[in-house]
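Listed below are the residues making up each chain.
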Amino acid sequence: MQNITKKFSVNLPIEKTNTKTEVIAGITTFLAMAYIIAVNPDILSKAGMPQGALVTATCLSAGFTTILMGLYAKLPLGLASGMGLNAFFAFTVVLQMGVHWTVALTAVFVEGIIFILLSLFKVREAVVNCIPKNLKYAVTAGIGLFIAFIGMQNAGLVVKNDATLVSLGTFKAPTVIIAFIGIIIIAVLEKKKIKGAILWGILSSTLIAWFFAFFKPEVAASYRIFLPQGFFKFESIAPIAMKLDFSLLTSAQGIVTFIGIVFTFLFVDFFDTVGTLVGVASRANMLDKKGNMPNAGKALLVDAIGTTTGALMGVSAVTTYVESSTGVEAGGRTGLTAVVTGILFLIAMFFSPIFIAIPSCATAAALIYVGYLMLGSVKNIDFSEITEALPAFLTIAMMPLTYSIGDGLIFGVLSYVILNLLNNIFSKEKKQVSFIMIILAVIFMIKLIL
């Protein structure tokens, strides 16, 4: 059994693991990501795409890319159509700009090709590895707060408020109670050192939610909790697969519009992925002595291939998921975790009603708990030096507050470069600042101004 795990591991002195742990971690990651099976088709269908075909394409693209991540990059990372990127695809590009969804898919396809080239020439890998160690720890902590915030929203613990942006929800809400029970179950099992605590927390919360929906279906429906509507269902991806349309490139105005769409996808996807890879790898203790991530180039190439093949299958940009951290916390350290997650996505193509019925309040418990664990990386940050500490703080704070891993990374990198360059001018103690970091800072400054 141990030999099986070794075949999927990178050549690093990572924590000891075994096949059973990796399988449990893969299941945990899948359950934390399973919401995308319902959410992605719901969002993309607003662009006029058939929802049934989208369910199959979402599972197929996620399954293929995640398995490739496990086999090729040998990292415990799950991939699927990115949240935020799918909303930009449907609501901004298609509905607001009036671009047909086939043209939007073409923009995603072109973005993926550019990513493949950047990955092959090691541009994305260089960006990942040039980020200072303190910022990498900050990214982990920032992602922790970010996914905990998502979990609290999904549970209804934090709600929208027009006056204060957010405020406390009501504890009487069934979703809050279900999530709270899930957190308690996870914490108790972790305290007793029982394997798969996060997985058991998700499953327990799901069963409680379904129990509630069985006895009070109307009330449960108002909280978006539903019983599975059947077990088996499969629909062809033919209506959306290979539907690329380059017609926008026939005019000068169309070319400008197309380039703008491509580079928006490119920018958001690039830095969200970089932030996620750094944060999850740091939490898994997979950074080497120089603070670099193992197989970063391979991971980024898989991510790029995922976006390209995803567009051909009929979905928006595929990206590495921050929910991969749930599998890492469950003990996943090798590519076997990703392979298990990918296989479950492929199985879900045929049993989507079951997985679609897993309510967000059930996975909320896992997200909140993992957020707490990831925040622990703060203790590794050097807060005695302001040129290191302030950028780290901004990175941590801005991820949840801007609702974007990429934007948090932008503020961290920008402040790090500015502070350290000023320090080198006015202080005798010089600090080396990577040329790549300076280039990134310039790009980020231009983006913020424009």
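Residues numbered from 1 in each chain as written. Predicted model: local features only at pLDDT ≥ 70, side-chain atom pairs only at ≥ 80, totals over all residues. Heavy atoms only, no water.

Notes on the overall build of the protein
Here's step 1: Scanning the protein from N- to C-terminus turns up 20 helices and four strands.
Here's step 2: Seen through its principal axes, the protein has C-alpha atoms that stretch 70 × 60 × 55 Å.
Here's step 3: By the burial criterion, 57% of the 450 residues in the protein qualify as buried.
Here's step 4: Within the protein, counting contacts between residues at least 6 apart in sequence, those at least 24 apart form 80% of the total.
Here's step 5: Summed over its atoms, the accessible surface of the protein is roughly 19,400 Å², and 69% of this surface lies on carbon and sulfur atoms.
Here's step 6: Of the side chains in the protein, 30 bear a positive and 21 a negative charge, and the two mean positions are spaced by 8 Å. (Helix = DSSP H or I, 4+ residues; strand = E, 2+ residues; numbered from the N terminus. Buried < 20%, exposed > 50% of the residue type's maximum accessible area, 1.4 Å probe, protein only. Contact = heavy atoms within 4.5 Å. Areas by Shrake-Rupley, 256 points an atom, 1.4 Å probe, with all protein chains shown as cover. Lys, Arg positive; Asp, Glu negative; His and termini not counted. Charge placed at Lys NZ, Arg CZ, Asp CG, Glu CD.)

Topic: the packing of aromatic side chains
Here's step 1: In the structure shown here, the tally under the stated rule is 12 aromatic pairs.
Here's step 2: An angle of 45 degrees between the planes, with centres 6.4 Å apart, marks the rings of Tyr35 and Tyr321 as tilted. Placement of Tyr35 in helix α3 (residues 35-44) and of Tyr321 in the loop between β4 (318-320) and α14 (324-329) is noted, with a sequence separation of 286 residues between them.
Here's step 3: A residue is classified by how much of its surface remains accessible, and Tyr321, at 4% relative accessible area, is buried.
Here's step 4: Seen in terms of ring centroids, Phe89 and Phe265 are 6.5 Å apart; in terms of plane orientation they differ by 45 degrees. Their pairing is tilted. Of the two residues, Phe89 is situated in helix α5 (residues 85-96) and Phe265 in helix α12 (residues 252-283); the sequence distance between them amounts to 176 residues. Grouping residues by exposure puts Phe89 and Phe265 together as buried. (Phe/Tyr/Trp six-rings, centres within 6.5 Å; stacked < 30°, edge-to-face > 60°.)

Description of the domain arrangement of the protein
Here's step 1: Under the domain assignment, the protein is made up of domain 1 (17-232 + 276-381) and domain 2 (382-449).
Here's step 2: Distance from the C-alpha centre of domain 1 to the C-alpha centre of domain 2: 27 Å.
Here's step 3: Residue-level contacts link 22 residues of domain 1 with 20 residues of domain 2.
Here's step 4: Both faces combined, the contact of domain 1 with domain 2 buries some 1,800 Å², and carbon together with sulfur accounts for 82% of it.
Here's step 5: Our enumeration of links across domain 1 and domain 2 arrives at zero salt bridges.
Here's step 6: For the pair domain 1 and domain 2, the number of links is four residue pairs in polar contact (both at pLDDT 80 or more).
Here's step 7: If you list the elements that add at least two residues to the side of domain 1 that touches domain 2, you get α7 (123-130) and α8 (133-155). (Domains from an automatic or database assignment. Buried area = accessible area lost by both parts, 1.4 Å probe. Salt bridge = Lys/Arg side-chain N within 4 Å of Asp/Glu carboxyl O. Polar contact = N/O pair within 3.5 Å; in protein donor to acceptor, adjacent residues only side chain to side chain.)

Concerning the environment of Ile368
Here's step 1: On the secondary structure map, Ile368 appears in helix α17 (residues 360-374).
Here's step 2: Distance from Ile368 to Met69, taken between C-alpha atoms, is 26 Å for residues 299 residues apart in sequence.
Here's step 3: When neighbours within four sequence positions are excluded, Ile368 is seen to be in contact with Ala148, Gly151, Met152 and Ile183.

Here we look at a nonpolar patch on the surface
Here's step 1: A cluster of nonpolar side chains, Ile418, Leu422, Ile425, Phe426, Val442, Met445, Ile446, Ile449 and Leu450, forms an exposed patch at the surface whose accessible area comes to about 980 Å².
Here's step 2: Listed by contribution, the elements that provide at least two residues to the nonpolar patch are α19 (405-426) and α20 (435-449).
Here's step 3: Mapped onto the elements of the fold, Phe426 is located in helix α19. (Patch = residues over 30% accessible without salt bridge, like charges linked within 9 Å, V, L, I, M, F, W, Y side chains within 5 Å.)

With respect to the environment of Pro217
Here's step 1: Position of Pro217 among the secondary structure elements: in helix α11 (residues 217-222).
Here's step 2: By relative accessible area, Pro217 is classed as partly exposed at 47%.
Here's step 3: For Pro217 and Leu227, which are 10 residues apart along the polypeptide, the C-alpha to C-alpha distance reads 8.3 Å.

Points about the nonpolar core
Here's step 1: If you look at the biggest cluster of nonpolar residues, it comprises 119 residues, and the most contacted ones within it are Phe30, Ile37, Phe89, Phe265 and Met293.
Here's step 2: With 13 residues, the top contributor of residues to this core is α12.
Here's step 3: Two domains share this core, each providing at least three of its residues, namely domain 1 (17-232 + 276-381) and domain 2 (382-449).
Here's step 4: Beyond its immediate stretch of four places on either side in the chain, Met293 contacts Leu75, Leu77, Val128, Asn129, Leu277, Ala281, Leu287 and Ala299. (Core = buried A, V, L, I, M, F, W, Y, C linked by side-chain atoms within 4.5 Å.)

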